[in-house]
Amino acid sequence: MNTDDTSSGLLDDRLRFVKHKGHAIYVVDFSHCSAKEMLVLLDLVRADISRHAPGSVLSLADFTGAQIDKEVATQAKKILVLDRPYIKKSAWVGTESLPHVFYENFKSFSQRELPTFKTREEAMDWLVEE
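Residues numbered from 1 in each chain as written. Predicted model: local features only at pLDDT ≥ 70, side-chain atom pairs only at ≥ 80, totals over all residues. Heavy atoms only, no water.

Novice: What exactly am I supposed to notice about the overall build of the chain here?
Specialist: When helices and strands are tallied, the chain shows 5 helices and 5 strands. The helix and strand sequence of the chain, counted from the amino end, reads α-β-β-α-β-α-β-α-β-α. Relative to its length of 130 residues, the chain is compact, with a C-alpha radius of gyration of 14 Å against a globular reference of 14 Å. For the chain, the spread of C-alpha atoms along the three principal axes comes to 35 × 30 × 25 Å. In the chain, which comprises 130 residues, the proportion classed as buried is 46%. The long-range share in the chain, meaning contacts at least 24 apart out of those at least 6 apart in sequence, stands at 77%. Carbon together with sulfur atoms contributes 53% to the accessible area of the chain, which is approximately 6,900 Å² in total. Counting 17 positive and 20 negative side-chain charges, the chain places the centres of these two groups 5 Å from one another. (Helix = DSSP H or I, 4+ residues; strand = E, 2+ residues; numbered from the N terminus. Rg over C-alpha atoms; globule rule 2.2 N^0.38 Å. Buried < 20%, exposed > 50% of the residue type's maximum accessible area, 1.4 Å probe, protein only. Contact = heavy atoms within 4.5 Å. Areas by Shrake-Rupley, 256 points an atom, 1.4 Å probe, with all protein chains shown as cover. Lys, Arg positive; Asp, Glu negative; His and termini not counted. Charge placed at Lys NZ, Arg CZ, Asp CG, Glu CD.)

Novice: What is the right way to read empty space enclosed by the protein from this model?
Specialist: Remark: the empty space left among the atoms is shown by a probe the size of a water molecule rolled over them. The final tally for this structure, using the stated rule, is 1 cavity of 30 Å³ or more. For the lining of the largest cavity, the secondary-structure elements that each account for two or more residues are strand S2 (23-29), helix H2 (35-49), strand S3 (57-62), helix H3 (70-83) and strand S4 (87-93). Residue contributions to the lining of the largest cavity peak at 5 residues, all from H3. Per-class residue counts for the lining of the largest cavity are 18 nonpolar, 2 polar and 2 charged. (1 Å grid on protein atoms, 1.4 Å probe; cavity = no way out; pocket = protein on both sides within 12 Å on 5 of 7 lines; lining within 4 Å. Points joined across faces, edges and corners; volume = space filled by probe spheres on them. Nonpolar A, V, L, I, M, F, W, Y, C, P; charged D, E, K, R; others polar.)

Novice: Explanation requested: the nonpolar core in the structure shown.
Specialist: Considering soluble globular proteins, one finds that nonpolar side chains tend to be buried as a cluster. Counting 30 residues, the largest nonpolar core has Phe 30, Met 38, Ile 68, Trp 92 and Phe 106 as the members making the most contacts within it. Looking at this core, the elements that each hand over two or more residues are S2, H2, S3, H3, S4 and helix H4 (100-110). No other element matches the 7 residues that H2 contributes to this core. In this structure, Val 27, Leu 60, Val 93 and Met 124 belong to the second largest nonpolar core, which totals 11 residues. (Core = buried A, V, L, I, M, F, W, Y, C linked by side-chain atoms within 4.5 Å.)

Following this line, the structure appears as structure tokens:
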């Protein structure tokens with residue numbers, strides 16, 4: 001991973017749309033990120049998501065091995081609320097490393113359902129089902 005947080009490489013590698021069964025899914029790859037990297041990515045996510053039509057984005061966040069501290073959790077709660085109008089459905093994977101109290105806080109603070117899945121494939125299948 002590039003250590004220059006402002007590089008477009010971070011953006012290109014970690015935030016992207018992928019096609020799954022004819023649907024575009026916005027993948028936010030937090031896997032194995034440090035807390036500092038997560039803060040950078042959260043700001044980029046906010047900018048990306050807000051460019052889309054309300055209620056249009058299918059999103060998948062992967063938290064596998066991510067380092068989430070209090071500052072990251074606070075910023076994530078803000079982003080979850082700000083992004084809510086743009087999100088059609090969202091799914092999370094890799095939440096085993098996410099403290100349960102943070103996960104519950106994210107759901108209650110953002111007033112969003114944040115279903116978790118074992119694999120990206122399961123999450124993407126759920127996102128595209130009508």
